[in-house]
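Remarks on the overall topology
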Amino acid sequence: MTVHVFDQAIALTSTGDGLYTGATSPAYANMVGPFGGITAATALNAVMLHPALLGEPLSLTVNFCAALADGPFTVSAQPVRTNRSTQHWVVSITQAGSSGEDETVVTASVVTAARRTTWSVDDEPMPAVRRPDEVKPYTVPSPVEWIKRYEMRPIEGAIPRTWDGSGSDSRSRLWMREAVPRPLDLCGLAALADVFFPRIWLRRATHVPAGTVSMTVYFHAGSAQLAEVGHGWVLGQARAQAFRNGFFDQTALLWSEAGHLLCSSHQVVYYKE
């Protein structure tokens, strides 16, 4: 069987105890370096592949120290503390710099957990929106490759087509899924949490350079619940809370078509005037 382009992009080869090698994928190229979501998924994959893994991801925080250059990189994923129900990981991605010495380009922390069956409820209900088949497909006017990997159907807050400074709100809602069918899993969900374009573009309808500095994903669903989603649609909602002194934040929520909250995310983004 042909390996899905997403799995090719996050593929890692073990070279030792918690050490892996990988390479950037042109299919997920962004304006500078690869799409942040694929980098986050790669860091998470290093933990998922580790033989000492306890449970499944509960949270993932990725700090983008610098853009990955096209080419090979090394990933280190080390469990620094294992408790009865939780496990704490430190992850780093390094690449050879201009001097030839390895430089850290990404740091990450992951918490995994052995979840128990308990009383559970989604306290953030999925908003009442039009179903995916009621929303027209939308081609994002962007030259970057990674956008082509996803099918998106915006309900509100689509990327501006006219950059005239007339923006008034930062909220987007859209249905999304892989363009080429692939069952949703935890790495795929981590990437989906980062598909939203910079909120400042929508809020201002002004095109300014922007890039994520730090991103955290909280996983509310495990592998079994994601298997029920399969290649189904995921509803995403993102908005910012404040823009100030060159940085803004973004919260994001992702639900399954059945209305289950799959994950929540928060990130801080740099923008340049």
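Residues numbered from 1 in each chain as written. Predicted model: local features only at pLDDT ≥ 70, side-chain atom pairs only at ≥ 80, totals over all residues. Heavy atoms only, no water.

By the naming in an unreviewed UniProt entry, the chain is Acyl-CoA thioesterase, taken from Hydrogenophaga luteola.

**Comments concerning the overall build of the chain**
Stated precisely, the cut-off is as follows: Labels follow the DSSP assignment, with helices taken as runs of H or I lasting at least four residues and strands as runs of E lasting at least two, numbered in each case from the N terminus. Atoms counted for the radius of gyration: C-alpha only. Globule rule: 2.2 Å times residue count to the power 0.38. For the exposure calls, accessible area comes from a 1.4 Å probe over protein chains only, and a residue counts as buried if that area is under 20% of its type's maximum, exposed if over 50%, partly exposed in between. In these tables, accessible area is a Shrake-Rupley quantity obtained with a 1.4 Å probe, and a residue counts as shielded only by the protein chains included in the view. In this tally, Lys and Arg are treated as positive and Asp and Glu as negative; His is ignored, and so are the chain termini. For this purpose, a charge sits on NZ of Lys, CZ of Arg, CG of Asp or CD of Glu.
Each helix and strand counted, the chain has five helices and 13 strands in total. A compact globule built from 273 residues should have a C-alpha radius of gyration of about 19 Å, and the chain, at 18 Å, falls within 12% of that. Burial analysis of the chain (273 residues in total) assigns 49% to the buried set. Put simply, the chain shows about 13200 Å² of open surface, and 53% of that area lies on carbon and sulfur atoms. Distance from the positive charge centre (21 side chains) to the negative charge centre (24 side chains) of the chain: 6 Å.

**Some thoughts on the pattern of salt bridges**
Think of it this way: side chains of opposite charge can pair up when their charged atoms draw near. The condition that has to hold: Salt-bridge detection follows one rule: a side-chain nitrogen of Lys or Arg within 4 Å of a carboxyl oxygen of Asp or Glu.
Within this structure, the stated rule accounts for 11 salt bridges. Asp-7 serves as the salt-bridge partner of Arg-182, at 2.9 Å between the closest nitrogen and oxygen. Placement of Arg-182 in the loop between strand E8 (172-178) and helix H3 (186-192) and of Asp-7 in helix H1 (residues 5-9) is noted, with a sequence separation of 175 residues between them. For Arg-182, a relative accessible area of 6% puts it in the buried group. On the basis of relative accessible area, Asp-7 is assigned to the partly exposed category, the value being 29%. Of the charged contacts in the structure, one is a salt bridge between Arg-149 and Glu-145, with a shortest N-O distance of 3.5 Å.

**Points about the pairing of strand E6 (residues 102-113)**
Quick reminder of the rule: At least two DSSP bridges between two strands are required for those strands to pair.
Relative to E6, strand E3 (residues 56-64) runs antiparallel, the two sharing eight bridges. Bridge assignment links Thr-61 to a residue of E6, and that residue is Ser-109. In this structure, strand E5 (residues 86-96) lies alongside E6, joined through 11 bridges in antiparallel fashion. Across the sheet, residue Trp-89 finds its bridge partner in E6, namely Val-110.

**Quick look at the packing of aromatic side chains**
The test is simple: For this analysis, a ring pair means two rings from Phe, Tyr or Trp (six-membered ring only for Trp) whose centres lie within 6.5 Å, classed as stacked if their planes differ by under 30 degrees, edge-to-face if by over 60, and tilted for the remaining angles.
As enumerated under the stated definition, the model contains nine aromatic pairs in all. Ring geometry for Phe-243 against Phe-248: centres 5.2 Å apart, planes inclined by 40°, an arrangement best described as tilted. Site record: aromatic cluster; members linked through ring pairs are Phe-35, Trp-146 and Tyr-150.

**A word on the UniProt feature "domain: Acyl-CoA thioesterase-like N-terminal HotDog" (unreviewed entry) in the chain**
The condition that has to hold: UniProt positions are given in the numbering used here, feature names are shortened, and annotations may be inferred rather than shown by experiment.
Cross-referencing UniProt, the feature "domain: Acyl-CoA thioesterase-like N-terminal HotDog" (unreviewed entry) maps to residues 27-111 in the present numbering. Taken end to end, residues 27-111 comprises 16% helix and 48% strand; its first and last C-alpha atoms sit 29 Å apart.

**Remarks on the state of the cysteines**
Going by this rule: Only a pair of cysteine sulfur atoms within 2.5 Å counts as a disulfide in this structure description.
Enumeration according to the criterion identifies zero disulfides in this entry. Cys-187 supplies the cysteine sulfur nearest to Cys-65, a cysteine that is in no disulfide, at a spacing of 20 Å. Given the relative accessible area of 46%, Cys-65 is considered partly exposed.

**Considering the side chain of Thr-112**
The line we're drawing: Residues adjacent in sequence count toward polar contacts only when both atoms are side-chain atoms; beyond that, a polar contact is any pair of N or O atoms within 3.5 Å, and within protein one must be able to donate a hydrogen and the other to accept it. The contact definition used throughout considers only heavy atoms, calling two residues in contact when any of these lie within 4.5 Å.
Here Thr-112 lies in strand E6. Polar side-chain contacts of Thr-112 include one of 2.8 Å to the backbone oxygen of Leu-54. Polar side-chain contacts of Thr-112 include one of 3.5 Å to the side chain of Trp-89. For Thr-112, the contacting residues outside a window of four places in its chain are Val-47, Leu-53, Leu-54, Glu-56, Pro-57, Leu-58, Ser-85, Thr-86, Gln-87 and Trp-89.

**Let's talk about a nonpolar patch on the surface**
Applied cut-off: Patch criteria: residues need more than 30% relative accessible area and no salt bridge. Like-charged residues are merged within 9 Å; nonpolar side chains of Val, Leu, Ile, Met, Phe, Trp and Tyr are merged within 5 Å.
Taken together, Val-213, Phe-247, Val-268 and Tyr-270 make up a surface patch of nonpolar side chains, about 300 Å² in accessible area. Take Val-268: it is sitting in strand E13 (residues 261-271). You can call Val-268 partly exposed: its relative accessible area is 32%.

**Notes on the side chain of Ser-76**
Within the secondary structure layout, Ser-76 lies in strand E4 (residues 72-82). Using a relative accessible area of 18% as the deciding quantity, one classes Ser-76 as buried. Among the polar contacts made by the side chain of Ser-76, one reaches the side chain of Gln-78 at a distance of 3.5 Å. When residues no more than four places from it in sequence are discounted, the contact partners of Ser-76 are Gly-18, Leu-19, Val-90, Val-91 and Ser-92.

**Some points on the nonpolar core**
A general trend in soluble globular proteins is that nonpolar side chains are found buried together. To keep things clear, this is the line we draw: Think of a nonpolar core as a cluster: buried Ala, Val, Leu, Ile, Met, Phe, Trp, Tyr and Cys residues, connected wherever their side-chain atoms sit within 4.5 Å.
With 58 residues, the main nonpolar core has Phe-6, Tyr-28, Trp-146, Tyr-150, Met-176 and Leu-254 as its most contacted residues. The greatest single-element share of this core, amounting to seven residues, is contributed by helix H2 (residues 36-49). Counting residues in each nonpolar core, the second largest holds 11 residues, with Phe-197, Ile-200, Leu-202 and Val-208 among its members.

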